[in-house]
Each structure stands twice: as structure tokens, then as C-alpha cells.
Amino acid sequence: MENKINSTESKTPVELIDPLIESFPSSIEGKILFYIAIAFSSFQVLTAAHIIDVPSQVLRATHVGFLGLLSFPLVLAIKKKTLPIKIVGWCVALISIAIATYQFVEYKPLILRAGDPLTRDTVFGVLALVVVFGASWVVMGAALPIISSVFLLYCLFGNYLTGIFQHRGYDFSRVIEHMTYGTEGIYGVPTYVSATFIFLFILFGSFLERAGMIKLFTDVSLGFVGHTKGGAAKVSVVSSGLMGTISGSGVANVVTTGQFTIPLMKKFGYRPAFAGGVEATSSMGGQIMPPVMGAVAFIMAETLGIEYYEVVKAAIIPALFYYFSAFWMVHLEASKRNLVGLPKSELPSPIKAIKEKWFLILPLAVLVYLLFAGYTPLYSGSIGLILTAFLILGSSITLGFSSKVIRIIFWIILGFVASLFFKLGANVIKITLITLILWNFFSKGGRETLLICRDALAEGAKTALPVGVACAVVGIIIGTLTLTGIASSIAGLIIDVGKYSIFLSLVLTMVISLILGMGIPTIPNYIITSAVAAPALLKLGVPLLVSHMFVFYFGIMADLTPPVALACFAAAPIAKESGLKISFEAIKIAMAGFVIPYMAVYSPELMLQGYQGKELFSYIFSVIYICIKVGFAILFWGIAVIGYLNGNLNILERIIAVLIPAFLLLAIPLTDEIGFAIIAIFFIYRWINKRKSKSI
């Protein structure tokens, strides 16, 4: 545990924004928090497996209780605050558990007296709000709690306003009850998703990382693209994309893979700002990269009442284009600066890496199958986590077998036993897991494996803190929207703009997402903007899922957009470059993330939507056509930004290259024809210039 529980003296810029990037302190207090985190993860796993069955409201309240219990002391310990401040933090943490206990003890009475709360109910409700606001402040900074407090004040005093923002007024106890009891406020849908799907998938990624998945992704990336032109940056794109399939966290992805890829890119000639921009862009794509994606995908599925695989289906083509765009920008930059790849003799063999660690792909493959087979994310995540635990524990046991035949027999038996879950239920898994744990405990090297699993539980809980806290505090905003109906008024403004131009409505929605994203994470950004703007876009004719994905994309892009650009500031200390400079490079590299949402609105086929009422052949043609358009738009945007295509481009050529994606953006035959005509003009112009240069 000593290598996992450590403290660092210096603080990088991103650590000041996100203190939880650091690990548990090595002090006694740090060890206590370490085991609280293990208890938190254990509770979540036991409830997911229905070993502990509690009502949904109690589950949500306990989840938020653990968030408050862990957040305050952990952040204060990491920041090395003075003892009096730490004591205050622990007092608030104990209040958080007291609130969860009150919800558990008073669960049925609270239901019976709904609408007529007692004074003590209101007191505990106020304390719950204080804890949630405080946890949000210490974990993520001031922006989100300030925004949420404005909404809460609007609930209490909005009746004194005039015009469309005035509401009829609500007394204090009504507002507190709405926000802190039931499923409309801090215990709403976002908290439910955090307490179930999201936490499990974070643990899933944590276990896979400790099983060696990061090394597998890195070795495969190095082996396949490391030797190509500009291979160091292409490794960053591929490895971060692969990492995104299990992490879904942009900043965590930057810090994890960036430690290796950014210095590698700099070593082979990439500018520090460009190297940081490549890593930040590639890492943020993890939130839109199936199969796991980011936490927002689960909230989206639950909010829309659709299967998770529907969200994955809508995301797959845009995600591939996003990474294709980053790959293309890297290739052009390398070509322009004549940056060579890594020596092939020094690179690992991707085939050998897959042969040695192929079994790590099994949990991910099973997870994907279950999600697309229609099983719930909770069920799929539970199975994926169990399989990963089986692999880690089983691999440790097989090291003690001298015979390869015995190892094969062991894995066949373990696989057969695991498959019995589908026939005999969870008891088979429980017995098998306990057996593997005991076997490891008494076998040589097994205890070290159990420590790895323990560390994964603690790290998973710590990683889940900002997600869970954001989901809880943003519930106040959602509660305000449902109580006062203000969302309808704001949506009306967007609809009024859309009467004249849907493009202006889209731009307005994008600007709202980017502005919110400057101060708050992707999850609350999506929840707020989708609650306000997505219904308006739906009324303007944008398909529901596409409108939500539109908001989701720009919530992600906000982490690359100045002046905050958290992902870029996470890359800054590694690249030893200004986060602002990295941000400007990231925007250029990630331009597909700005263009694709607009193209999907005008052509929903890009997100595999709009099939209803079309013949299959016609629909397939539409999908292929929009993919061709997006491909050309990305190609020419890269050419324009980098200013290179088999040679440096002059100003006129770059202007022509910029016009092409602009005309291909809209789904209008005339603009498409103009766009393709300009493509022809571009190549003819280049050909004539090439002929002239040869004749000279």
C-alpha cells in the first residue's frame, strides 16, 4: 500500500484544480481514508450484486453520504490543511453519514409524510444541501456550487422577479423537501446513475488498469504505428483512444498515458504545445469512444429512457471520425516537419503483446456483447467487473502451476463455472469469488494480488468522487427546473431564435455549453444544457438523441477551449508548456469535434438515426454519403490548419481548403455541389502549380 499511498510536496496547475489527481496521503489519516474508500467501493459492489438489497432512495442517500464522508477529509489531507480545518472537515463528513442514516431510519415515515415535512426533516434537508455544496466546492472548485446556489436562490425568491422568469413562489420547507427528499433534487436521476452504472464502470476500468491493460494498449500502439511517419504522436492518438474504451475520463487519460506519450513526442521533434494538444485531444475523445464512453453516456441513456447501446450506436461513427481527424492532423504536422517514426527494432511486437495479454480483452468483449444484447449497463458492468476479478485472481493462482496443461484445465473450469451464473444465478459467482480469494490468500504471491485488488477498490472510489459529487449538486439545478418550469421559458427563447435560423439556435446552444464548460465538468454541463436546450432543439425538428449528443460533444470540447481547458492544463506540466498554448493547438486538432455535431443535426444518419420511413438501401446510401462528406471536411480542415499537402500551401490554397468544410457542413444539395466543385478546383489549382514549378 505504501507505493499507492503517497503525498507530493509540489502542486501542478491541474492539481490545484483537481486535487484528487494525487493519491492517498501516507499518514494515519490517509490510511483511514484509504479503507473508507474500500468500504465505499465494497458497498457499491455488494448492492450491485444484490448481496445487499436496499430501496433506491436509501441507495442514493448512502451513496451521497459516502461521497461527503470521503471528500472533505481526503481533499483537506491532500492539501495539507491545518488541524483545526481538518477537524471541521471530519465533522462535516460525519454529518454526511448522519444524513444518510436518517434517510435509512426514516425511509417509510418520510414517504408517508411527503408534502408535510417535520421541522427535523427540514433541518436534515438543509444540512444535506450544506454538505453537497461543500463537497462540490472542495472537490471541483467554486464554479458549480455558485451556479447551483443561484438556481436555489431563484427557487426561493424568483417570485419577486418580473417577466418570463417570475414564478408563483414556494415556501422554504417546500423547496428544501423538493431538493433533499424524493428523486427530484440531490437524489435525482444523475445520483442514481452515479450510484449504479457509473461507479461500477469506474471500478471496471480501475481493475483493468491494474491487470496490465495500460501496458497492453501502449505496446499495441507502439507496435502498429510507432514506426510510421510521426509515429510518436500517432501512438498517443491510438493509445489514448484505446484507453478511453475503459476509462472514459479525459483528464485521467491525459495524466495516465500523457506521462509516456508527451515526452516521447517532444523527443522526436514535435513542438511541446502541439504534443500536449495531441494528448489532450486524444484523451478527451475517451468520453465519446465506445464501448464504455464517459459517465454522461449512462446519464443520457437513463434520462432518455433508452438502452445504453442506442447511445453507443449514435456515438460510434462520430468517435471514429474524431480520432481519424486527430490522426490526420498528426500525420500532416509530421510530414510538414519531416518527423520520422521510432526505430522498428526498438518497438515491442503488437502480436506478442496480444498473445501474452489477450485474456485482458475478454471482460471488455463480454461487456460489449452484453450491452449490445440488450442487457442493462448495471448487469453488464457487474459481469465485466466479476470477469476482471476472476482474471486477476486466476492469473495469480496459475503462476503456481508448473504444467501448462493444468493451467489450461484451470481456465476451462473457471470459465465453465462463470458461465453457470446465467443458469444458476449469483450464488455461483459468490462461492467462486470467495474460493479464489482464499486460494490467493494461502498461495505464494497471492497476497500481493489481493493487495492489487484492494488498491483498485480504493482508487476506484477516489476516482468516482468528482463524478458523484457533480451528479448530486447538479440535482439542485434539475430540481429548480422541474419545480419552477424555468426550463420551458429558456427553451422558448431558443425556439424563437430557431424560427429564423436553426443554425443560430445551434450556435446559441454551443455557446451555452462552452461557457458552462469553462467552470464545471462535462457531467453537470450536459445535464444543465440538455435540460434547457435539448427540448427546444427537438421542437425545431432535431432528433432527440442527436440533440443530446450535440450538447454532449460541446460539453467535452469545453475542456479543450480557453481560458480554462482543464485537459490542456493537465498536459501542461508534462509538456512543460503553457496550458493556454496547448489549448489553441488542441482546438485545431479537435476541430472535428466542433464540426461533426452540426453535420449530425443536418444529417442524423451520421449518428445512425433517422432510419424510420426509409428504405434500407436509401438509408445505407445516406449513411455512406454523409460519411464521405465528413471525411472530406476533416481532410481539408487539416490541410488548411497545418498548411501542408505534399508541400507547403500558400494563402490562397489554405483559404480554398477552409471553404470546403464550410460548404459541406449543411445538408443542402446546392452547398454540397459547391463544396465538391471547390475540391475539384483545389486539386486542379495544385496540379497547375506543380506543373509550373517543374517547368521552372
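Source: prediction; values computed, not measured.

What counts, and where the lines are drawn
Residues numbered from 1 in each chain as written. Predicted model: local features only at pLDDT ≥ 70, side-chain atom pairs only at ≥ 80, totals over all residues. Heavy atoms only, no water. Helix = DSSP H or I, 4+ residues; strand = E, 2+ residues; numbered from the N terminus. Rg over C-alpha atoms; globule rule 2.2 N^0.38 Å. Buried < 20%, exposed > 50% of the residue type's maximum accessible area, 1.4 Å probe, protein only. Contact = heavy atoms within 4.5 Å. Areas by Shrake-Rupley, 256 points an atom, 1.4 Å probe, with all protein chains shown as cover. Lys, Arg positive; Asp, Glu negative; His and termini not counted. Charge placed at Lys NZ, Arg CZ, Asp CG, Glu CD. Expected span 1.5 Å × (residues − 1). pLDDT = per-residue confidence, 0-100. Patch = residues over 30% accessible without salt bridge, like charges linked within 9 Å, V, L, I, M, F, W, Y side chains within 5 Å. Salt bridge = Lys/Arg side-chain N within 4 Å of Asp/Glu carboxyl O. Phe/Tyr/Trp six-rings, centres within 6.5 Å; stacked < 30°, edge-to-face > 60°. Axes fitted to C-alpha atoms, helices over the stretch in contact; angles between N-to-C directions. Parallel < 35°, antiparallel > 145°, perpendicular 65-115°, else oblique. Left-handed = near helix turned anticlockwise from the far one by under 90°. Nonpolar A, V, L, I, M, F, W, Y, C, P; charged D, E, K, R; others polar.

J.: Give a detailed account of the overall build of the protein, specifying residues and quantitative values.
T.: Helix and strand content of the protein: 32 helices and zero strands. Whereas a compact globule of 696 residues would reach a radius of gyration of roughly 26 Å, the protein reaches 26 Å, a difference of no more than 12%. Overall size of the protein, expressed as C-alpha extent along the three principal axes, is 85 × 80 × 55 Å. Here the protein holds 696 residues, and the buried ones make up 56% of them. In the protein, the proportion of contacts linking residues at least 24 apart, taken out of those at least 6 apart, comes to 75%. By element, 70% of the accessible surface of the protein is carried by carbon and sulfur atoms, the whole surface being about 28700 Å². Averaging the coordinates of the 48 positive side-chain charges in the protein and doing the same for the 34 negative ones gives two points 9 Å apart.

J.: Pulling in residues and values, what's your account of helix α30 (residues 616-642)?
T.: Across its 27 residues, α30 extends 39 Å between first and last C-alpha, which sits within 8% of the 39 Å expected from 1.5 Å per residue. G643 lies just past α30 and shows a positive phi near 75 degrees.

J.: Please give an account of the environment of G134 that cites residues and values.
T.: Residue placement: G134 occurs in helix α6 (residues 119-140). Taking the relative accessible area as the measure of exposure, G134 reaches 17% and is therefore buried. Considered as a pair, G134 and G68 are 66 residues apart in the sequence and their alpha carbons are 8.5 Å apart.

J.: Describe the environment of L481, listing the residues and the values that go with them.
T.: Within the fold, L481 resides in helix α22 (residues 446-484). The spatial distance from the C-alpha of L481 to the C-alpha of L203 is 32 Å, given a sequence separation of 278 residues. Excluding residues within four positions of it along the chain, L481 makes contact with F151, I486, A487, A531 and V532.

J.: Which residues make up the environment of D496, and what values go with them?
T.: Take D496: it is sitting in helix α23 (residues 486-500). On the accessibility criterion, D496 (37% relative accessible area) is partly exposed. Placed 40 residues apart in sequence, D496 and A536 show a C-alpha to C-alpha distance of 9.4 Å.

J.: Before we move on, can you summarise the confidence of the model for the protein with the specific residues and values?
T.: Here the protein averages 83 in pLDDT, and 94% of its residues register 70 or above. Across the protein, the element-wise mean pLDDT spans from 46 in helix α1 (residues 13-17) up to 93 in helix α4 (residues 83-105). Low confidence marks residues 1-17, where pLDDT is under 50. Its contacts with residues over four positions away, or in another chain, come to 40 contacts.

J.: Explain a nonpolar patch on the surface residue by residue, including any values.
T.: A cluster of nonpolar side chains, contributed by F224, I351, I354, W358, I361 and L362, occupies part of the molecular surface with about 550 Å² of accessible area. Of all the secondary-structure elements, those providing two or more residues to the nonpolar patch are α16 (350-357) and α17 (361-372). Inspection of the secondary structure assignment puts I351 in helix α16. A residue is classified by how much of its surface remains accessible, and I351, at 47% relative accessible area, is partly exposed.

J.: Describe the pattern of salt bridges, with residues and values.
T.: If the charged atoms of two oppositely charged side chains come close together, the side chains can form a pair. Enumeration according to the criterion identifies 14 salt bridges in this entry. Across the pair R113 and D121 runs a salt bridge whose closest N-O atoms are separated by 2.6 Å. When sorted by exposure, R113 lands in the same class as D121, which is buried. The shortest N-O distance in the salt bridge between D672 and K629 comes to 3.0 Å. Of the two residues, D672 is situated in helix α32 (residues 669-695) and K629 in helix α30; the sequence distance between them amounts to 43 residues. D672 gets classed as buried once you look at its relative accessible area, which sits at 5%. A relative accessible area of 1% means that K629 is categorised as buried.

J.: Residues and numbers for the packing of aromatic side chains, please.
T.: All chains considered together, the criterion is met by 31 aromatic pairs. With centroids separated by 5.9 Å and ring planes inclined at 40 degrees, the aromatic side chains of F43 and F66 adopt a geometry described as tilted. Within this pair, whereas F43 is found in helix α2 (residues 28-48), its partner F66 is found in helix α3 (residues 56-78), the two being separated by 23 residues in sequence. Classification of F43 as buried rests on a relative accessible area of 13%. Consider the rings of Y102 and F124, whose centres lie 4.0 Å apart with planes at 5 degrees: the pair is stacked. With Y102 in helix α4 and F124 in helix α6, the pair connects residues that are 22 residues apart, well separated along the chain. The class of F124 is partly exposed, set by a relative accessible area of 23%.

J.: Requested: an account of the packing of helix α18 (residues 377-398) against α22, with residues and values cited.
T.: The contact between α18 and α22 brings their axes to 9 Å, and the two run at 165 degrees. One finds that α18 runs roughly antiparallel with respect to α22. Of the two elements, α18 crosses α22, and the hand of that crossing is right-handed. In this structure, α18 contributes I392, L393 and S396 to the contact, and α22 contributes G446, T449, L450 and C453. Across the contact of α18 with α22, the residue classes break down as four nonpolar, three polar and no charged.

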